[in-house]
Amino acid sequence: MAEAAVDSPMEVVQALADEAMPDEAGLGCLVSLPGELLEYILCSGPLTATDILQVASTCRRLRELCQSSGKVWKEQFRVRWPSLMNHYSPTDYVNWLEEYKVRQKAGVEARKIVASFSKRFFSEHVPCNGFSDIENLEGPEIFFEDELVCILNMEGRKALTWKYYAKKILYYLRQQKILNNLKTFLQHSDDYESYLEGAVFIDQYCNPLAEITLKDTQAQFDSIVELVRKALRGLNSRHPSLTFRAGRSSMVRELDLQGQVLEAMNYVLYDQLKFKGNRMDYYNALNLYMHQVLTRRTGIPISMSLVYMTIARQLGVPLEPVNFPSHFLLRWCQSTDRANLDIFDYIYIDAFGKGRQLTVKECEYLIGQHVTPALYGVVNVKKVLQRMVGNLLSLGKREGIDQSYQLLRDSLDLYLAMYPDQVQLLLLQARLYFHLGIWPEKVLDILQHIQTLDPGQHGAVGYLVQHTLEHIERKKEEVGVEVKLRSHEKHRDVCYSIGLIMKHKRYGYNCVIYGWDPTCMMGHEWIRNMNVHSLPHGHHQPFYNVLVEDGSCRYAAQENLEYNVEPQEISHPDVGRYFSEFTGTHYIPNAELELRYPEDLESVYETVQNIYSAKKENAE
């Protein structure tokens, strides 16, 4: 027996509507259907917004069911943009049809701006004022962010240029919002002790594309606290910490009861969950990001101390942060007389060292030097964040492979948000932007601020001002786009094309070509330092700009490159700046790169046919 055909929800509705059209009896039949059934049909299946508008125009009954604030349009909104539903309260009145229209318009505008970025900023870094278009758009910012996330989540290896600029725009928008929130946070009085909230702001700013929230981070701590309570119950089933309610500030007074909490904490953190200080990879920025510390269960003294202190305080033990030199510590008061305390009235806790409890003398042994009593004092939230950002700043200065210096830029932003008049850091920021060739107008603003703060910096400021103005003038004099034709006589020795996946014969790295010159175009000093003259063909051979899989950009001689017989994607952050798609054998240049090398794509197709198709036939 043949199965009956199952109509789609749209077909069911349309059939009912068609029946309703000829006469009043048909319409009455349609109207008599239960509203819940019709609503269920309209909220089910692949109905689009256009479908719903058509249904609503059929009759009054269906128009009422499709009212703008009803379930039907809410479901349309939810299906199209599910992540946005978290921003609405169940008790709020929402005109879902209007929200749908505003979100759709925001998406169209955001895509227009993303599409324009490659043409506008292909030859330079996106300047600060480059984001003004999207900042000035009307409508909720969250809608624009959501559209950018949708672009980033597009499947496949296509739309690489769109994803590249969507990422930059989203990075900037989120960082600006986080920085404003951090500045507001820093305006709290010194007795505002939300160390975790401050640490999360730092984490968010350095990782703006990750979904990091204080709520989620706190939930992770709550889970650990529950494990500690379970262990504590085994030590003392009547311990007062077992009755503390989440979100309430409570304190355990008796020292022996506080000690039981710390004993249970040490067992859970270091024995059960295997938290440990990261001695093997100490100088890694991940050790300072709270979500990474909780996930990887490792960190450095300051981040491990924040984890330890946060848990202890939730369980009623008032540990305090100590900005000890070279090794951040916590202190635990052992005296009931709060009026006359000195450094010997505390036990010092090394969270990096599995919660080890230290005396003053043992603290000095820990760092191998005698320190003054002032360094055993407690520090406020701002000082703790200053030390965390200072650590990131030191790591940023050590960066070698990341030629964008993103960590250094982020940590400078954070430090200057807390201490905006630090002349040496402002000067470092100006030099960094000058070195990278980005935001010359901002460089001039920074230099003017430095000159106001410290006229003694006139020499350094004057030098940078002069060269920045020269850079701005050179950019004004730039005319047109340099086009390189492979068919030109002077390019006859160029063997490889943009988009090809290559391998370096000497160093073995994989890379993709994004530019070439008929001969080495670098200066004499670079040629000498790189020992180019030792090559058989020296500098009188084609050189190629390549994006390397380790994230670096290099300039390689033709004789040092060869086809990669097993091509693979190159995980370089700038791939999308130059290419729109990865085909599995090569990259396809985006419109701006193809404009500069108009004859390369045909050459790439020929190479792919000769190299990879022949290999496939031989394998078969």
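Rules used throughout
- Residues numbered from 1 in each chain as written.
- Predicted model: local features only at pLDDT ≥ 70, side-chain atom pairs only at ≥ 80, totals over all residues.
- Heavy atoms only, no water.
- Helix = DSSP H or I, 4+ residues; strand = E, 2+ residues; numbered from the N terminus.
- Expected span 1.5 Å × (residues − 1).
- Buried < 20%, exposed > 50% of the residue type's maximum accessible area, 1.4 Å probe, protein only.
- Arc of directions from axis to C-beta.
- Contact = heavy atoms within 4.5 Å.
- Pairing = 2+ DSSP bridges.
- Disulfide = S-S within 2.5 Å.
- Axes fitted to C-alpha atoms, helices over the stretch in contact; angles between N-to-C directions.
- Core = buried A, V, L, I, M, F, W, Y, C linked by side-chain atoms within 4.5 Å.
- Patch = residues over 30% accessible without salt bridge, like charges linked within 9 Å, V, L, I, M, F, W, Y side chains within 5 Å.
- Areas by Shrake-Rupley, 256 points an atom, 1.4 Å probe, with all protein chains shown as cover.
- Salt bridge = Lys/Arg side-chain N within 4 Å of Asp/Glu carboxyl O.
- Phe/Tyr/Trp six-rings, centres within 6.5 Å; stacked < 30°, edge-to-face > 60°.
- Lys, Arg positive; Asp, Glu negative; His and termini not counted.
- pLDDT = per-residue confidence, 0-100.

Here we come to helix 21 (residues 458–477). Taking 1.5 Å of rise per residue, 20 residues should cover 28 Å, and helix 21 covers 28 Å from first to last C-alpha, within 8% of that figure. For helix 21, every residue scored as buried is listed here: Val461, Leu464, Thr468 and Ile472. Viewed along the axis of helix 21, the buried residues span an arc of 75°, placing them on a single side of the element. Across helix 21 from its buried face, at more than 90 degrees, point the exposed residues Gly459 and Glu477. Buried-residue contacts for helix 21 involve helix 19 (423–436) and helix 20 (440–453).

Here we take up the pairing of strand 10 (residues 553–557). Bridge count between strand 9 (residues 543–548) and strand 10: five bridges; the pairing is antiparallel. Opposite Asn545, over in strand 10, you have Tyr555 as the bridge partner.

This part takes up the state of the cysteines. In the structure shown here, the tally under the stated rule is zero disulfides. Cys511 supplies the cysteine sulfur nearest to Cys495, a cysteine that is in no disulfide, at a spacing of 15 Å. By relative accessible area, Cys495 is classed as partly exposed at 42%.

If you trace the five strands from one edge of the open sheet to the other, you get 10-9-8-7-11, paired in antiparallel fashion. Strands with a single pairing partner mark the edges of an open sheet, and in this sheet they are strand 10 and strand 11 (561–563). Looking at each pair of strands side by side, their axes are set apart by 50° on average, direction ignored.

Take the environment of Lys163 next. Relative to the assigned elements, Lys163 resides in helix 10 (residues 160–186). Since its relative accessible area comes to 14%, Lys163 is described here as buried. Sequence separation between Lys163 and Asn153 is 10 residues, and the spatial gap between their C-alpha atoms is 8.4 Å. Those residues in contact with Lys163 that sit more than four places away from it in its chain are Ile151, Leu152, Met154, Glu155, Gly156 and Lys158.

Strand order in the open sheet made by the four strands is 3-4-5-6, with antiparallel pairing throughout. Looking at the sheet topology across the chains shown, the edges are occupied by strand 3 (320–322) and strand 6 (356–358). Sheet twist, expressed as the mean angle between neighbouring strand axes with direction ignored, is 40°. Relative to strand 6, strand 5 (residues 346–350) runs antiparallel, the two being bridged by three bridges. When the bridges of strand 6 are listed, Tyr348 appears paired with Leu358.

A few words now on the nonpolar core. Residues Ile224, Leu262, Met265, Tyr308, Ile311, Leu319 and Leu385 are the most contacted members of the largest nonpolar core, which totals 86 residues. With residues up to four places along the chain from it excluded, the contact list for Leu385 reads Leu182, Phe185, Leu186, Gly198, Ala199, Ile202 and Met418. One finds Ala56, Leu84, Ile134 and Ile169 within the second-largest nonpolar core, a separate group that totals 41 residues.

Okay, a nonpolar patch on the surface next. Together, Val481, Val483, Leu485 and Leu595 make up a nonpolar patch on the protein surface, roughly 300 Å² of accessible area in all. The topology assignment puts Leu595 in helix 24 (residues 591–596). Since its relative accessible area comes to 46%, Leu595 is described here as partly exposed.

Moving on: the packing of aromatic side chains. How two aromatic rings sit relative to each other is given by the distance of their centres and the angle of their planes. Applying the stated criterion to the full structure yields 28 aromatic pairs. When the centroid spacing of 4.9 Å and the interplanar angle of 55° are considered together, the rings of Tyr88 and Trp96 count as tilted. The same class applies to Tyr88 and to Trp96, which are both buried. Between Phe122 and Tyr578, the ring centres sit 5.6 Å apart and the planes meet at 85°, which makes this aromatic pair edge-to-face. Residue Phe122 is located in the loop between helix 7 (96–121) and helix 8 (132–135), and its partner Tyr578 is located in helix 23 (residues 575–578); the two are separated by 456 residues in the primary sequence.

Right, let's get into the side chain of Arg409. Within the secondary structure layout, Arg409 lies in helix 18 (residues 406–418). Despite its burial, Arg409 pairs with no opposite charge, the nearest such side chain being Asp410 at 6.0 Å.

On to helix 9 (residues 141–152), then. Think of an α-helix as turning once every 3.6 residues; residues three or four places apart then point the same way. The end-to-end C-alpha separation of helix 9 is 17 Å, in line with the 16 Å expected for 12 residues at 1.5 Å each. Within helix 9, burial applies to Phe143, Phe144, Glu145, Asp146, Glu147, Leu148 and Ile151. In this fold, the buried residues of helix 9 make contact with helix 6 (71–80), helix 7, helix 8 and helix 10.

Going through the model one piece at a time under the given rule, you end up with 20 salt bridges. Its salt-bridge partner being Glu39, residue Lys71 comes within 3.9 Å of it at the nearest N-O pair. Here Glu39 lies in helix 3 (residues 35–42) and Lys71 lies in helix 6, a separation of 32 residues in the sequence. Glu211 is paired through a salt bridge with Arg174; the nearest N and O atoms lie 3.3 Å apart. With Glu211 in the loop between helix 11 (195–206) and helix 12 (214–235) and Arg174 in helix 10, this pair connects stretches of sequence that are 37 residues apart. Among the ionic contacts, a cluster of salt bridges with common partners joins Glu141, Glu145, Arg174, Lys177 and Glu211.

Our focus in this paragraph is the confidence of the model for the chain. Averaged over every residue, the pLDDT of the chain is 88; the share at 70 or more is 90%. Note on residues 1–6: pLDDT is under 50 here. Beyond four places in sequence and across chains, it has zero contacts. Ignoring residues within four places in sequence, the model shows residues 19–23, a span with pLDDT below 50, making six contacts including any to other chains.

Before going further, it helps to spend a moment on the environment of Cys59. Looking at where Cys59 falls in the secondary structure, it is placed in the loop between helix 4 (49–56) and helix 5 (60–65). A relative accessible area of 10% places Cys59 in the buried class. Along the primary structure Cys59 and His540 are separated by 481 residues, whereas in three dimensions their C-alpha atoms are 79 Å apart.

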